[in-house]
Amino acid sequence: MNDANNLYLLLVIQDDDAWIGNVCGFKYNERLWAEKCEDYCKRHQACSFEIIKHAVKNH
Ligand SMILES: [Zn+2]
């Protein structure tokens, strides 16, 4: 187990003007949703449709 890697997984990634949930990789315009996504994914090992629907569509 590597605690440093687990901590890194808590971080959302900023990509241009969007935020990416580091677990499932969905992209959001607002950091709040990326953090909700990240938190939910870590707890449930899957994302929530209620959160994903706020994600930015990838073309
Ligand atoms: Zn997610």
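Residues numbered from 1 in each chain as written. Predicted model: local features only at pLDDT ≥ 70, side-chain atom pairs only at ≥ 80, totals over all residues.

A. Region of interest: the nonpolar core. In this structure, Val 12, Trp 19, Ile 20, Phe 26, Tyr 28, Trp 33, Ala 34, Cys 37, Cys 41, Ile 51 and Ala 55 together form the largest nonpolar core, which totals eleven residues. For this core, the element with the most residues is helix 2 (residues 31–44), which contributes four residues. (Core = buried A, V, L, I, M, F, W, Y, C linked by C-beta atoms within 7 Å. Buried ≥ 20, exposed ≤ 12 C-beta atoms within 10 Å, placed from the backbone. Helix = DSSP H or I, 4+ residues; strand = E, 2+ residues; numbered from the N terminus.)

B. Structural detail: the sheet that holds strand 2 (residues 18–20). Read from one edge of the open sheet, three strands run 1-2-3, paired in antiparallel fashion. What marks the edges here is a single partner per strand, and that holds for strand 1 (13–15) and strand 3 (27–28). One ladder, built from three bridges, connects strand 1 with strand 2; its direction is antiparallel. By the bridge assignment for strand 2, Gln 14 is matched with Trp 19. (Pairing = 2+ DSSP bridges.)

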